[in-house]
Amino acid sequence: MKISDTSATMEDRFKALKESNRPENRTKWALEWKKQGKQVMGLLCSYVPEELVSAAGMLPWRITGTWKEAAPLAGVYRPEMTCRYCSHALESVLNGELSFLDAAAGTQLDDDFKRLLDVLIAIRKPAFTYMMYLPHASNRITMAMWVKSVLDLQQTLEKLTGVKITEKELRRQVGIYNRMRTLLSKVYELRKRDNPPITGAEALGLTTAARIMPREIFNDELEELLPYLEHREIPLKRSRPRLLMCGEYLDHPGYVDLVEKAGAVVVMDDFDTGSRYFWDLVEESSDNIIEAIARRYLNKPGSSRMVNWNEQAAQIVKWVKEYDCDGIVELRQLFSLPLDYRFFALIKKFTAAGIPYISVDREYHLANEGMLRTRVEAFIEMILAKAK
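The following refers to the structure shown. None of these values were measured; they are calculated from a predicted model. (Residues numbered from 1 in each chain as written. Predicted model: local features only at pLDDT ≥ 70, side-chain atom pairs only at ≥ 80, totals over all residues. Heavy atoms only, no water.)

Here the focus is the packing of helix α8 (residues 200-210) against helix α10 (residues 253-261). Close contact between α8 and α10 brings their axes to 8 Å; oriented N to C, the two are set at 165 degrees. One way to sum up the angle between α8 and α10 is to call them roughly antiparallel. Seen from above, α8 lies across α10 with right-handed handedness. From α8, G200, A201, L204 and G205 reach across to α10, where they touch P253, V256, D257 and E260. Counted by class, the contact of α8 with α10 contains four nonpolar, two polar and two charged residues. (Axes fitted to C-alpha atoms, helices over the stretch in contact; angles between N-to-C directions. Helix = DSSP H or I, 4+ residues; strand = E, 2+ residues; numbered from the N terminus. Parallel < 35°, antiparallel > 145°, perpendicular 65-115°, else oblique. Left-handed = near helix turned anticlockwise from the far one by under 90°. Contact = heavy atoms within 4.5 Å. Nonpolar A, V, L, I, M, F, W, Y, C, P; charged D, E, K, R; others polar.)

Listed below in structure tokens is the structure:
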């Protein structure tokens with residue numbers, strides 16, 4: 001299955017790729033996979049090592065919740081004031097949108113995620129749900145515990161699929177995923193230009209597409225598109241301010257588009273659905289490939305679940321400098337407590353670095369656009385006024 005027919009222009013092909021995770025498109029790759037007699041595992045977390053899932057012959061498919069406003073079915077199991085992503089993901093399970101999933105996996109990112117996984121296990125939708133142990137920090141002791149968690153996942157996948165995960169196949173999958181990460185890194189390098197050839201919303205479309213497609217197909221398509229993207233031009237109202245956006249569980253490009261239409265250029269992100277998904281490679285030359293995979297996932301730029309918030313802030317400050325950003329916009333999902341806790345560490349570090357920063361609450365689905373646009377526009381005007 002190809003992304004588009006041979007007569008399509010490069011721009012048509014790019015549009016098809018970046019829109020792969022739109023509601024009308026996102027299940028087609030998984031359904032095609034199922035037609036071939038293969039299994040699909042839905043992933044609720046960027047810490048689940050996808051190489052192992054692929055080595056077991058399954059398609060690792062990032063679960064995107066419904067983008068509709070209401071989640072009445074999930075409301076039977078979850079209070080209103082809880083993680084919006086978890087509720088909307090559960091709604092998609094309960095309304096049948098994700099009935100093609102053979103299994104689901106996640107980690108205990110926070111109590112909301114644990115309760116979501118508990119519900120999936122209890123209702124057996126999908127038929128099998130697995131929760132990985134994830135430490136709060138990376139050190140010698142926790143790394144050993146995390147490696148055991150990855151080995152436990154390997155054994156679970158082998159029992160589930162009846163496929164023995166060999167070292168040879170695992171190394172092959174590491175090569176495929178490292179290629180994907182390298183290609184996406186090249187796309188992000190293009191965003192450092194004074195006039196980036198892709199928008200921030202388009203970049204998020206690419207990274208979310210990577211998480212639901214067979215990775216080899218995604219790799220081949222993006223590799224063919226890269227020469228075109230290197231010379232692509234997009235009309236910009238202005239070339240500044242250049243912004244970095246922060247957030248978690250943000251998979252709706254509409255939020256990034258809203259910030260860009262407010263008069264900014266989004267050139268970098270700190271999203272678990274964006275940069276943090278592909279940042280850093282697995283060490284392919286390692287003698288112990290399982291340990292190499294474990295190290296990459298635990299040591300990649302962290303989520304708010306990890307308690308190294310000062311290190312996370314330092315990484316964001318580094319990105320601000322590398323991508324020549326004028327400020328940071330965080331769209332913080334409502335009722336995600338780790339994000340609320342991390343906020344105080346971030347604002348302290350950003351203030352010390354002299355970086356303008358705004359954090360605004362948002363829903364999971366695209367909502368309250370007028371309020372958000374007003375807040376972002378005021379922030380942009382403040383940056384422009386300081387630059388005069």
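Mapped onto the elements, T64 comes out in the loop between β2 (58-62) and α4 (84-94). Polar contacts involving the side chain of T64 include one to the side chain of N21, which spans 3.2 Å. Those residues in contact with T64 that sit more than four places away from it in its chain are N21, R26, S92, D251 and Y364. (Polar contact = N/O pair within 3.5 Å; in protein donor to acceptor, adjacent residues only side chain to side chain.)

Turning to the sheet that holds strand β6 (residues 265-271), a few remarks are in order. The sheet built from four strands is open, its strands ordered β6-β5-β7-β8 with parallel pairing. With partners counted over all chains shown, the strands left at the sheet margins are β6 and β8 (357-362), one partner each. Ignoring strand direction, the axes of neighbouring strands in this sheet form an average angle of 25 degrees. As paired elements, strand β7 (residues 327-333) and β8 share six bridges and run parallel to each other. Within β8, the position partnered with I328 by the bridge is Y357. (Pairing = 2+ DSSP bridges.)

Let us now look at the packing of α10 against helix α15 (residues 369-387). Taken N-terminus to C-terminus, the directions of α10 and α15 make an angle of 45 degrees; their axes are 9 Å apart at the nearest point. Judged on the interaxial angle alone, α15 and α10 are oblique. Crossing handedness for the pair α10 and α15: right-handed. Judged by residue contacts, Y255, L258 and V259 of α10 engage E369, L372, R373, V376 and I380 from α15. When grouped by side-chain class, the residues that make up the contact of α10 with α15 number six nonpolar, no polar and two charged.

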